[in-house]
Amino acid sequence: MELLKQKIKQDGIVLDGGVLKVDTFLNHQVDAELMMEIGRTFDGLFRESRVTKIMTVESSGIAPAVMTAWLMRVPMVFARKRKSLTLREDLYTERVYSYTKQEESEVTVSRKFLSPGDRVLIIDDFLANGEAALGMARIVQKAGAEVAGIGIVIEKSFQSGRGKLLEHGYRVESLARVASLDSGEVVFA
Ligand code: 5GP
């Protein structure tokens, strides 16, 4: 997606540890027009996938996910992140290691928002090592639902995420693929 790449080039800040900061349009302030274009692109890519629900993880996945959901006319549910939680029977819970925070947290979704028969499109802002997407996919499976696909706004293709998701047989579509962040420069694949 050319517009997204331009935004990344213009506003992206490369931090230590291969982290890209895009807080002017995605991770803090949100560019709603760009999010709608992102939604349109995901809608086009997954239109034939019979999606019944969009799922993401709070907080930065919510903006692109809700735009996609609006265009697909399906509900969007976001997994909540919790530090630690006593087991609750009304929740699906998975442990996910956060690449940026370097800590494990729990992601939870209420059982009432996922059902067997749902075809779930997972959307997230970034793909690094695939932990967040795989955690969400495990929740979808626990619910007896199916992963219809995985849509990623910015994929860091120098990390292992795509390979892991493909190994599980998931379809992965990303809108910008970053091949390297070496020397503080964003290089697209
Ligand atoms: P993964 O779970 O694939 O290792 O990492 C993806 C998750 O970590 C995303 O939900 C995203 O919030 C965060 N993340 C990973 N890499 C980056 C990055 O370079 N920049 C930002 N802003 N978030 C990232």
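First, a word on scope: everything that follows refers to the structure included in this document.

Reading the values: the criteria
Chains are numbered independently. Their residues run from 1 in the order of the written sequence. Per-residue local features are limited, in this predicted model, to residues with pLDDT of at least 70; the limit for side-chain atom pairs, both in listing and counting, is 80 or more; totals at the level of whole chains, interfaces and linings are taken over all residues. Excluding hydrogens and water, the side-chain values take into account all heavy atoms of the structure. When the centres of two rings from Phe, Tyr and Trp lie within 6.5 Å, Trp using its six-membered ring, the rings pair. Their planes under 30 degrees apart give stacked, over 60 give edge-to-face, and anything left gives tilted. Both a distance and an angle decide whether a charge sits over a ring: NZ of Lys or CZ of Arg must be within 6 Å of the ring centre and within 35 degrees of the ring normal. When a carboxyl oxygen of Asp or Glu lies within 4 Å of a side-chain nitrogen of Lys or Arg, that pair is called a salt bridge. Counting from the N terminus, the helices are the DSSP runs of H or I reaching at least four residues and the strands are the DSSP runs of E reaching at least two. For every residue, the accessible area (1.4 Å probe, protein chains only) is compared with the maximum for its type, and the residue is labelled buried under 20%, exposed over 50%, or partly exposed between those bounds. Proximity is defined per residue: any heavy atom of the residue falling within 4 Å of a molecule or strand makes that residue near it. Distance and chemistry together define a polar contact, namely a pair of N or O atoms within 3.5 Å, with one atom able to donate a hydrogen and the other to accept it when in protein, and with adjacent residues in sequence counting only for side-chain atoms on both sides. Note on areas: Shrake-Rupley with a 1.4 Å probe; residue coverage comes only from the protein chains shown. Throughout, the ten residues Ala, Val, Leu, Ile, Met, Phe, Trp, Tyr, Cys and Pro are labelled nonpolar, Asp, Glu, Lys and Arg are labelled charged, and all others, Gly among them, are labelled polar. In this tally, Lys and Arg are treated as positive and Asp and Glu as negative; His is ignored, and so are the chain termini. Residue contacts are counted whenever heavy atoms from the two residues lie within 4.5 Å of one another. The arc in question is formed by the directions pointing from the helix axis toward the C-beta atoms.

**Let's talk about the packing of aromatic side chains**
Going through the model one piece at a time under the given rule, you end up with zero aromatic pairs. Over the face of the ring belonging to phenylalanine 188 we find lysine 5, whose NZ or CZ atom lies 5.5 Å from the ring centre. If you follow arginine 73 out to its NZ or CZ, it ends over the ring of tryptophan 70, 4.6 Å from the centre.

**Quick word on the pattern of salt bridges**
Using the criterion set out here, one finds 14 salt bridges in the structure. A salt bridge links glutamate 106 to arginine 95; the nearest nitrogen and oxygen atoms lie 3.2 Å apart. Taken together, the residues span a long stretch of sequence, with glutamate 106 in strand β6 (residues 103–110) and arginine 95 in strand β5 (residues 91–98) at a distance of 11 residues. Note on arginine 95: relative accessible area 44%, which makes it partly exposed. The residue glutamate 155 makes a salt bridge to arginine 177 at a minimum N-O spacing of 3.2 Å. Of this pair, glutamate 155 sits in strand β8 (residues 146–156) while arginine 177 sits in strand β9 (residues 172–180), and the two are 22 residues apart along the sequence. Taking relative accessible area as the criterion, glutamate 155 reaches 1% and is therefore assigned buried.

**With respect to the site of the ligand**
Around the ligand sit 16 residues in total, of which Leu20, Asp124, Asn129, Gly130 and Ala132 are the nearest. In this structure, asparagine 129 approaches the ligand through a main-chain N or O atom, which is 2.8 Å from an oxygen atom. Backbone polar atom of glycine 130 to an oxygen atom of the ligand: 2.7 Å apart, as the coordinates give it. About the coverage of the ligand: the protein hides 90% of its 510 Å² of free accessible area. Residue assignment for the shell around the ligand shows that the elements contributing at least two residues are β2 (19–21), β7 (119–127) and α4 (131–142). Considering each element in turn, the shell around the ligand owes the most residues, four residues, to β7. Here the residues of the shell around the ligand are counted per class, giving seven nonpolar, five polar and four charged.

**A closer look at the side chain of aspartate 118**
Examined against the element boundaries, aspartate 118 turns out to sit in the loop between β6 and β7. Summary of buried charges: aspartate 118 has no salt-bridge partner, and the nearest side chain of opposite charge, lysine 53, is 4.2 Å away. For aspartate 118, the side chain forms a polar contact with the side chain of threonine 52, separated by 2.8 Å. Setting aside chain neighbours within four positions, we find aspartate 118 in contact with Thr52, Lys53, Phe113, Ala145 and Glu146.

**Overview of helix α1 (residues 2–11)**
Residues spaced three or four apart along an α-helix face the same direction, because each turn holds 3.6 residues. Within α1, burial applies to Leu4, Lys7, Ile8 and Asp11. Mapping the buried residues of α1 onto a view down its axis gives an arc of 100 degrees, with all of them on the same face. Seen from the open side of α1, the exposed residues pointing more than 90 degrees away from its buried face are Glu2 and Gln10.

**Considerations on unusual backbone geometry**
With an omega dihedral of -5 degrees, the bond running from glutamate 58 to serine 59 counts as a cis peptide bond. Within the secondary structure, serine 59 is located in the loop between β3 (53–57) and α3 (62–72). Not every positive phi belongs to a glycine, and glutamine 102 is a case in point at roughly 55 degrees.

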